[in-house]
Amino acid sequence: GPWTAPPGTAPGAEQLVADATRDALIQGGQPEIARALTRLPDGSTAIVFSVGNAGDATAYGFEVGGGWEATPFLRFDANYSYFRGDVEASSLAASEGVEANTPTHKANLAATVAPRSGFSGRVAVRLVDGYDWATGVYFGQIPSSQTVDVSLGYQVSPQIRLHAIATNLLDQQRYHV
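Residues numbered from 1 in each chain as written. Predicted model: local features only at pLDDT ≥ 70, side-chain atom pairs only at ≥ 80, totals over all residues. Heavy atoms only, no water.

**Regarding the sheet that holds strand 6 (residues 119–128)**
- Reading across the sheet, the 6 strands line up as 3-4-5-6-9-10 and stay open at both edges, with antiparallel pairing between neighbours. Sheet topology places strand 3 (57–71) and strand 10 (160–166) at the edges, where each strand pairs with a single neighbour. Each strand of the sheet is rotated relative to its neighbour by a mean of 10°, with strand direction disregarded.
- As paired strands, strand 5 (residues 105–113) and strand 6 are joined by 8 bridges and run antiparallel to one another. The residue bridging alanine 111 from the neighbouring strand is valine 123, located in strand 6. (Pairing = 2+ DSSP bridges. Helix = DSSP H or I, 4+ residues; strand = E, 2+ residues; numbered from the N terminus. Axes fitted to C-alpha atoms, helices over the stretch in contact; angles between N-to-C directions.)

Rendered as structure tokens:
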């Protein structure tokens, strides 16, 4: 549980001491320590970092995808996934927060062209919704991202194919966890 004032603190001042200690840690640039501070059953203080958590949760979602060959040399592909996770707050420890650590919405779109001339090209777009992320005492917001990848190819001979690939064409900075 959360940290409490030490035994022997003046009656009525316990919450003031506990709040002041947490505030001092946060103001001192140690918010992780403030969240990890706890009082052990023997009365000693500990800093507990845990990457595990427990609680009652319900998760559900779906994914759908498909492709369409518009012509013998033009193809479109798309997929979409939806995820929802609900955590019963009353099943968690008082200071604990749990996140699904995955976005609600994700989608991929692609167009591929491959005419008989030996050239080929593909444009792919990946769209990911922003989401809250937490593990142990570390938490934050992962912003949404949109990634565009392009690839071009040419079949020089039956044994040789040349490729030029540009990933993250928009040069977007992203978080990876």
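**A look at the environment of valine 125**
- Tracing the backbone shows valine 125 in strand 6.
- Given the relative accessible area of 24%, valine 125 is considered partly exposed.
- Separated by 18 residues in the primary sequence, valine 125 and alanine 107 place their C-alpha atoms 8.2 Å from one another.
- Not counting the four nearest positions on each side in its chain, valine 125 is found in contact with Ala107, Asn108, Leu109, Thr147 and Val148. (Buried < 20%, exposed > 50% of the residue type's maximum accessible area, 1.4 Å probe, protein only. Contact = heavy atoms within 4.5 Å.)

**Comments concerning helix 1 (residues 14–27)**
- The first and last C-alpha atoms of helix 1 sit 20 Å apart over 14 residues, in line with the 20 Å expected at 1.5 Å per residue.
- Positive backbone phi, approximately 85°, marks glycine 29, located one or two places after helix 1. (Expected span 1.5 Å × (residues − 1).)

**Topic: the pattern of salt bridges**
- Taken as a whole and judged by the stated rule, the model has 4 salt bridges.
- Residues glutamate 69 and arginine 75 are paired through a salt bridge, measuring 4.0 Å at the closest nitrogen-oxygen approach.
- Residue arginine 75 is classed as partly exposed on the basis of its relative accessible area of 33%.
- Between arginine 84 and aspartate 86 there is a salt bridge, with its nearest N and O atoms 3.1 Å apart.
- Classification of aspartate 86 as partly exposed rests on a relative accessible area of 33%.
- Residues participating in the shared-partner salt-bridge network are Glu69, Arg75 and Asp77. (Salt bridge = Lys/Arg side-chain N within 4 Å of Asp/Glu carboxyl O.)

Fair warning: the whole summary comes from geometry, so function is off the table for now.
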